[in-house]
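Commentary on secondary and tertiary structure
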Amino acid sequence: MEEKEKIAVHFSLGESLIIMVVMFGILGTMIIGMKMAPQVPILFVFTLLIFYGHFRGVSWDQIFDGITAGIQPGIIPILIFMMIGLLVSSWLASGTIATIMVIGFQILSVKFFLPTVFVICGLVGITVGSSFTTVSTMGIAFMGIGHILGFSDAVTAGAIVSGALLGNNLSPLSDTSNLTTGLTKVNLYQHLIAMAATIVPSGLIALVLYVIMGNTTRTANLDQIRSISNQLTQSFAVSGWSLLPIAILLLLAWWRVPAIPSLLLGSLTALLLVIVRDPSYGVTKISQLLMVGNVARTPSATVDKLMTGGGINNMLGSISLIIVALALGGLLIKFGVVHTLIDSIKPYVNRPGKLILFTELSGIGVNLMVGEQYLSIILPGTTFQSSYDRLGLDRKYLSRTLATGGADINALVPWGVSGIFFSGTLNVDALQYIPMAFYTYINPIMTILLGFTVVSWKYKRQQASPVDKTLRATDD
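Keep in mind it's a predicted model, so treat the numbers as computed, not measured. (Residues numbered from 1 in each chain as written. Predicted model: local features only at pLDDT ≥ 70, side-chain atom pairs only at ≥ 80, totals over all residues. Heavy atoms only, no water.)

1. What about the overall build of the protein chain?
The cut-off we apply is this: Labels follow the DSSP assignment, with helices taken as runs of H or I lasting at least four residues and strands as runs of E lasting at least two, numbered in each case from the N terminus. Radius of gyration: over C-alpha atoms. The globule rule applied is 2.2 Å multiplied by the number of residues raised to the 0.38 power. In this scheme, a residue with accessible area under 20% of its type's maximum is buried, one over 50% is exposed, and one in between is partly exposed, where area comes from a 1.4 Å probe on protein chains only. Contacts are assigned to residue pairs that have any heavy atoms within 4.5 Å of one another. All accessible areas in this document rest on Shrake-Rupley with a 1.4 Å probe, and a residue is counted as covered only by the protein chains that are shown. Charge assignment in this entry is limited to Lys and Arg as positive and Asp and Glu as negative, and neither His nor the chain termini are counted. All charge positions are set by atom: Lys at NZ, Arg at CZ, Asp at CG, Glu at CD.
Across its full length, the protein chain carries 25 helices and 0 strands. Here the C-alpha radius of gyration of the protein chain, 24 Å, is about what a compact globule of 476 residues would show, namely 23 Å. With respect to the principal axes defined by its C-alpha atoms, the protein chain has extents near 75 × 55 × 40 Å. Taken across its 476 residues, the protein chain has 56% of its residues classed as buried. Counting contacts in the protein chain only where the partners sit at least 6 residues apart, residues at least 24 apart contribute 79% of the total. In the structure as shown, the protein chain presents an accessible area of about 20,100 Å², 66% of it carried by carbon and sulfur atoms. Mean positive and mean negative side-chain charge positions of the protein chain (26 and 21 charges, respectively) differ by 8 Å.

What follows is the structure, encoded as structure tokens:
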């Protein structure tokens, strides 16, 4: 009830549907059809919605409250984006990324490159509990290796994102896992076991697809690989010491230190390595490194491209997109559009399969409308929690569905927080990597399939149980 009291105006279901059709029509035409950067189309829709809402009787104060409330959940992700800009620039300058790449060239085969990327990013994701950290560290290095091995940036980015999200879903340190279990009051490890039921088959299917993709995309020039590896060794501090920032980051993850201080300490460790190796790095030079990123100047144009990046400035485009996307989402919530659409589904959730399907679709819908993974977990979670209880379904099925419809799908939305981050960090257009991020849409589909099969079968057995009938009769 508290949430509904904050709604400025209640649009009808028909009006809400028209708003969504027009909004997605404009965004699809401008972003996909006209290939425009998402910021301007979203800002255009945002402008139309503001004036339409005011025309419908919403005060300017209520509109501004909606904008503020929409942006508020993005403040921490925005800070994390900035911290990752610092991390990437410092790891490039310290030789950390170069060291990972040189090791990768030595141990990775072309044939198994994609499945190896998927598995390693999954393991790192489980360890650190953050898909953002995995993508911005191992992901950057793998993008460079994949480029040299002859793989398209899109397919390499897809394998990185898939592995990072698989690890995020299975990690007890993950913020989304802890959010879903806190919201649904499910034991964290029961939630992870339930997640494994969809993650394992989804991960295996994705792994097979990456093996197939790897076998059909082999164009590596071994002479070029040796040349790039030698150039990295000559131009950057490639050594075991350069892996120290990674060790620090992993250690902090095991100690469950939050993302922002972990990223800051990981950056500080790399900066100390830079200063020790090159005392000419004073305050001004370090400030420039952190602000504009690392600028590589080597005899190789390829190495320069691979080792240039990071910095706060390079994250500002992503940050601006997050702000306008969340502001638009805040208006849709304030105007009651999101709640109207989700509430309209509730009468149809009278069976386990349908309930899980509509919970998943609601998470997908909120992701598309709002672009924020936390809200795509919270809104359907609070809406459908009573429906799971009414059917007698274990809430672990709710927490699992919220995780797949929230975190996984958010990576597939070009204006979603995760989609923006992965695209910006890996420097790959979201619409290019999305088809290659197999795990991110196989896992939600697997969740729905299990809902109509295994979960429904268990529910029917429970309904047929004499003990269960006795308990229900006693309750009545």
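2. Some points on the side chain of Gln231
Within the element layout of this structure, Gln231 appears in helix H12 (residues 222-235). A residue is classified by how much of its surface remains accessible, and Gln231, at 13% relative accessible area, is buried. Excluding residues within four positions of it along the chain, Gln231 makes contact with Thr298, Pro299, Ser300 and Val303.

3. What about helix H15 (residues 283-292)?
Operational definition: Working definition: the arc comes from the directions between the helix axis and the C-beta atoms, pointing outward to the latter.
Residues of H15 that are buried: Ile286, Leu289 and Leu290. Mapping the buried residues of H15 onto a view down its axis gives an arc of 90°, with all of them on the same face. Check the buried side of H15 and you find it contacts helix H5 (75-94) and helix H14 (259-277). One or two steps after H15, the chain reaches Gly293, where phi turns positive at roughly 95°.

4. Brief notes about helix H11 (residues 188-215)
This is how it is decided: A helix's residues, less one, multiplied by 1.5 Å, set its expected span. Note that the bend at a residue is defined as the angle between axes fitted to the seven residues ending at it and the seven residues starting at it. Polar contact is the term for a pair of N or O atoms within 3.5 Å; when the atoms are in protein, one must be able to donate a hydrogen and the other to accept it, and sequence-neighboring residues count only if both atoms are side-chain atoms.
Here H11 spans 38 Å end to end across 28 residues, near enough to the 40 Å set by a 1.5 Å rise per residue. Along H11, the sharpest change in direction is near 35° and occurs at Ala196. Within H11, burial applies to Leu188, His191, Leu192, Ala194, Met195, Thr198, Ile199, Ser202, Gly203, Ala206, Tyr210 and Gly214. Those residues of H11 that are buried lie in contact with helix H7 (113-128), helix H9 (153-170), helix H10 (175-184), helix H21 (395-410) and helix H24 (438-464). The opening residue of H11 is Asn187, an N-cap whose side-chain oxygen sits 2.9 Å from the backbone nitrogen of Tyr189.

5. Comments concerning the packing of aromatic side chains
Stated precisely, the cut-off is as follows: Under the pairing criterion, centres of Phe, Tyr and Trp rings, with the six-membered ring standing for Trp, must be within 6.5 Å; the plane angle then separates stacked pairs below 30 degrees from edge-to-face pairs above 60, leaving the rest tilted. Placement of a positive charge over a ring is assigned whenever Lys NZ or Arg CZ falls within 6 Å of the ring centre and within 35 degrees of the normal to the ring plane.
Tallied over the entire structure, the rule returns 10 aromatic pairs. Taken together, a centroid distance of 4.9 Å and an interplanar angle of 45° make the contact between Tyr210 and Phe438 tilted. On the criterion of sequence distance, the pair formed by Tyr210 in helix H11 and Phe438 in helix H24 is long-range, its members being 228 residues apart. In this arrangement the basic side chain of Lys285 is found over the ring face of Tyr281, its NZ or CZ atom lying 4.4 Å from the centre.

6. Focus on the nonpolar core
Just so we agree on the cut-off: Definition of nonpolar core: a set of buried residues of the types Ala, Val, Leu, Ile, Met, Phe, Trp, Tyr and Cys, connected through side-chain atoms within 4.5 Å.
Among the nonpolar cores identified, the biggest contains 141 residues, and Leu232, Met307, Leu332 and Tyr433 are the most heavily contacted of them. The residues touching Tyr433, leaving out its near neighbours within four places in the chain, are Ala154, Ala157, Gly158, Val161, Ala411, Ser418, Gly419, Phe422, Ser423 and Val428.

7. Some words on a nonpolar patch on the surface
The condition is simple: A residue counts toward a patch only above 30% relative accessible area and without a salt bridge, and it is joined to like-charged neighbours within 9 Å or, for Val, Leu, Ile, Met, Phe, Trp and Tyr, to nonpolar neighbours within 5 Å. Within this document, salt bridges are pairs made up of a side-chain nitrogen of Lys or Arg and a carboxyl oxygen of Asp or Glu, the two lying within 4 Å of each other.
A cluster of nonpolar side chains, contributed by Leu265, Leu268, Leu272 and Ile275, occupies part of the molecular surface with about 320 Å² of accessible area. Structurally, Leu272 is set in helix H14. Among the residues examined, Leu272 registers a relative accessible area of 48% and is labelled partly exposed.

8. Looking at the packing of helix H4 (residues 60-71) against helix H17 (residues 316-334)
The criterion, for reference: To get an axis, a line is fitted to the C-alpha atoms, and for a helix only the part in contact is used. The angle between two axes follows their N-to-C directions and goes from 0 to 180 degrees. Here the angle decides the label: under 35 degrees means roughly parallel, over 145 means roughly antiparallel, 65 to 115 means roughly perpendicular, and every other value means oblique. For a crossing to be left-handed, the near helix must be turned anticlockwise from the far one by less than a right angle; the clockwise case is right-handed. Here the term charged refers only to Asp, Glu, Lys and Arg, the term nonpolar to Ala, Val, Leu, Ile, Met, Phe, Trp, Tyr, Cys and Pro, and the term polar to all other amino acids, Gly among them.
As a packed pair, H4 and H17 sit with axes 7 Å apart at the nearest point and diverge in direction by 125°. In terms of orientation, H4 and H17 fall into the oblique class. Seen along the crossing, H4 lies across H17 with a hand that is right-handed. Each of Gln62, Ile63, Asp65, Gly66, Ile67, Gly70 and Ile71 in H4 lies in contact with H17, whose residues at this interface are Ile323, Leu326, Ala327, Gly330, Leu331 and Lys334. Considered class by class, the residues forming the contact of H4 with H17 number 7 nonpolar, 4 polar and 2 charged.

9. Here we look at the confidence of the model for the protein chain
Rules: Values of pLDDT, the confidence the predictor places in each residue, fall between 0 and 100.
Residue-level pLDDT values for the protein chain average 85, and 94% of them are 70 or greater. H9 holds the highest mean pLDDT among the elements of the protein chain, 94, whereas helix H1 (residues 2-5) holds the lowest, 44. Low confidence marks residues 1-5, where pLDDT is under 50. Its contacts with residues over four positions away, or in another chain, come to 4 contacts. Across residues 469-476 the pLDDT falls below 50, and counting only partners more than four positions away or on other chains, this stretch makes 4 contacts in the model.

10. Quick notes on the environment of Ile246
Within the secondary structure, Ile246 sits in helix H13 (residues 244-254). Ile246 sits in the buried class, given a relative accessible area of 18%. Taking the C-alpha atoms as reference, Ile246 lies 44 Å from Ser387; in sequence the two are 141 residues apart. Once you skip the residues sitting within four places of it in the chain, Ile246 turns out to touch Trp91, Thr96 and Ile100.

11. Observations concerning unusual backbone geometry
The backbone of Lys185 sits at a positive phi, close to 60°, despite the residue not being glycine. Among the residues examined, Lys185 registers a relative accessible area of 68% and is labelled exposed. Positive phi is not limited to glycine here, since Asn427 has a value of about 60°. Assignment of secondary structure puts Asn427 in the loop between helix H22 (417-426) and helix H23 (430-433). Asn427 gets classed as exposed once you look at its relative accessible area, which sits at 65%.

12. Focus on the pattern of salt bridges
Taken as a whole and assessed by the stated rule, the structure comprises 2 salt bridges. Measuring nitrogen to oxygen at the nearest pair gives 2.8 Å for the salt bridge that ties Arg56 to Glu15. One end of the pair, Arg56, is in the loop between helix H3 (39-55) and H4; the other, Glu15, is in helix H2 (residues 13-33), and 41 residues separate them in sequence. Arg56 gets classed as partly exposed once you look at its relative accessible area, which sits at 30%.

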